[in-house]
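In case you want the letters, here they are:
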Amino acid sequence: MAEELETKKLHLFFLIRSLNIGGAERQLVELVKGLDNKQFDVTVGLFYNEGVLLEEIKSMPWIHVVSLNKSGRWDIIRFVLRFIKLLKSLQPDILYSFLPDANIAGLIVGRLSGVKRIVWGVRASNIDVSRYDWLARTSLRLSVLLSRFPDIIIANSFAGLRFHKDIGYKTERMKVIPNGIDTKLFKPDHPSGFRLRDEWGIDEKTVLIGLVGRLDPMKDHTTFLQAVKIFDQKECSVRFVCIGDGKEPYKSEIHSLCRRLGLNGSIIWAGERCDMTAVYNSMDIVTSSSSFGEGFPNVIGEAMACGVPCVVTDVGDSAIIVGETGIVVPPEDPQALADGWRSMLKRLNDKSYSIKEMARARIVSHYNSEIFIQKTSKKFLGLL
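Below you will find a few notes about this structure. (Residues numbered from 1 in each chain as written. Predicted model: local features only at pLDDT ≥ 70, side-chain atom pairs only at ≥ 80, totals over all residues. Heavy atoms only, no water.)

**Here we look at a nonpolar patch on the surface**
Rules: Residues qualify for a patch when their relative accessible area is over 30% and they have no salt bridge, like charges being joined within 9 Å and the nonpolar side chains of Val, Leu, Ile, Met, Phe, Trp and Tyr within 5 Å. All accessible areas in this document rest on Shrake-Rupley with a 1.4 Å probe, and a residue is counted as covered only by the protein chains that are shown. Salt bridges are identified by distance alone: a Lys or Arg side-chain nitrogen within 4 Å of an Asp or Glu carboxyl oxygen. Helix and strand assignments follow DSSP, with helices taken as H or I runs no shorter than four residues and strands as E runs no shorter than two, numbered in order from the N terminus. Think of it in three bands: residues with accessible area under 20% of the maximum for their type are buried, residues over 50% are exposed, and the middle band is partly exposed, with areas taken using a 1.4 Å probe on protein chains only.
There is a patch of nonpolar side chains on the surface, built from W74, I76, I77, L81 and W134 and spanning about 620 Å² of accessible area. Looking at the secondary structure, you find W134 in helix α6 (residues 134-146). Here W134 falls in the partly exposed class, since its relative accessible area comes to 46%.

Encoded structure:
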């Protein structure tokens, strides 16, 4: 009997709203792909059966994907009943949820269904809830009240741990496990980058600076555009590209600002892309202009893994991630951001060392997905 218990696999149930492109969604995929299927049975539960990352998970036969078929924001009672029925049927050992809505639902329904251990994943820091609707504010307040009940809370950044402690989270069981980057996928690949530059009509001599992130207030495209205006007045051999899409009215506001600043000839709005390795390899510098909310921005780690140096605002753990390989500037300061780009271009022109190799080496050594998966697996096993 003891031998049988030792070899019994743990059943893990992961819960998230959907598998659309996003940092939390990408990390969930990285985790379930890398978990040892000799130790763990894995089920991924979705509020909504949607997302471009869904097919990636479905291509892995050892991962079971189920949708709770939530029909909308106010489909609550039927959603909860379906969720209880599913958990009682599966009887997972651990339920690991990502982001506030899933955390609240996972905790309440998990306890009602008798799940042995509940794990929360928190991914943000310094959230400015005034920029979002009343439901987001309510969700955050409720999360604070319920934070004493999960068995463990995993933050993906030290800034996130500090923020949640400051707003009242019970952090005695809160641990930091930084995100993991797939350094086999995200790597230098210059031919793919050149092909994408050709698609955008950008020659090899033109410097390309990119912002990768959904059109959302936390990404602060306003500061980015104002910095482009400052930079573009003096630097004519530079183009800018924005990768990502977003919701109204923010999307229209940003495009309108771009027109008012006279930047339509300087910026390519590329929308969402799935060929992210090529995207990073097309760029000379990747930048993050976020003003709040970031924990561990995957974009920074992915770009660095491709050998692309970063200029980032001092939000979340961005400064820790780039270390000496990047340039860190204050948030909401367009002049500082433009100056940061100029400083990075000077570094790139300095042939005495290779900032690109240093950037990749930092991610491989400290933030590759194998380290992330090992640390998370250890937490799971320690819970039971």
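Additional details are given in the paragraphs that follow.
**Points about the nonpolar core**
Counted only if it meets this: The definition of a nonpolar core used throughout is a set of buried Ala, Val, Leu, Ile, Met, Phe, Trp, Tyr and Cys residues joined through side-chain atoms within 4.5 Å. Should any heavy atoms of two residues lie within 4.5 Å, those residues are counted as being in contact.
Among the nonpolar cores identified, the biggest contains 32 residues, and W200, I243 and Y280 are the most heavily contacted of them. Looking at this core element by element, the count peaks at five residues for helix α12 (residues 298-305). Every residue in contact with I243, bar those within four places of it in the chain, is listed here: W200, L211, V212, G213, A270, G271, R273, M276, V279 and M283.

**Considerations on helix α10 (residues 250-260)**
Applied cut-off: The arc in question is traced by the directions running from the helix axis to the C-beta atoms.
Those residues of α10 not exposed but buried are Y250, I254, L257 and C258. Viewed along the axis of α10, the buried residues span an arc of 105 degrees, placing them on a single side of the element. Residues of α10 that are exposed and point more than 90 degrees away from the buried face comprise R259 and R260. For α10, the secondary structure elements touched by its buried residues are α9 (221-232) and β10 (267-271). Following α10 by one or two positions, G262 adopts a phi angle in the positive range, close to 70 degrees.

**What to know about the pairing of β10**
Here is the rule: Here, strands pair whenever DSSP counts at least two bridges between them. Handedness of a crossover is defined as follows: with both strands directed away from the viewer, a clockwise route from the first strand across the helix to the second makes it right-handed.
When strand β9 (residues 238-243) meets β10, the two strands line up parallel, connected through four bridges. When the sheet's bridge partners are listed, V241 is paired in β10 with I268. The parallel pair β9 and β10 is bridged by α10, and the resulting crossover is right-handed.

**Observations regarding the side chain of E30**
Turning to its location among the elements, E30 is positioned in helix α2 (residues 23-34). Residue E30 is classed as buried on the basis of its relative accessible area, which comes to 6%. Beyond its immediate chain neighbours, meaning those up to four positions away, E30 contacts G180, D182, S369, F372 and I373.

**What to know about the packing of aromatic side chains**
The cut-off we apply is this: Here is the rule: rings of Phe, Tyr and Trp (six-membered ring for Trp) pair when centre to centre is within 6.5 Å. Planes less than 30 degrees apart are stacked, more than 60 are edge-to-face, and the remainder are tilted.
What the rule picks out here adds up to 17 aromatic pairs. Ring centres 5.9 Å apart and planes at 65 degrees place the aromatic pair F186 and Y280 in the edge-to-face group. Taken as a pair, F186 in the loop between β7 (174-176) and α8 (190-200) and Y280 in helix α11 (residues 276-281) lie far apart in primary sequence, 94 residues in all. Accessibility classification places F186 together with Y280 in one group, the buried group. Aromatic pair F231 and F240: ring centres 6.0 Å apart, planes at 90 degrees, arrangement edge-to-face.

**Details of the pattern of salt bridges**
Pairing between side chains becomes possible if they bear opposite charge and their charged atoms approach one another. If you walk through the whole model with that rule in mind, you get 18 salt bridges. Among the salt bridges present, the one from K8 reaches D93, with a minimum N-O distance of 3.9 Å. Here D93 lies in the loop between α4 (77-90) and β4 (94-98) and K8 lies in the loop between α1 (2-7) and β1 (10-16), a separation of 85 residues in the sequence. With a closest N to O distance of 2.8 Å, E56 and R26 form a salt bridge. Note that E56 is positioned in helix α3 (residues 54-58) and R26 in helix α2, a separation of 30 residues in sequence. Classification of E56 as partly exposed rests on a relative accessible area of 25%. Its relative accessible area of 14% is what places R26 among the buried residues. Counted as one network, the salt bridges with shared partners bring together R26, E30, K33 and E56.

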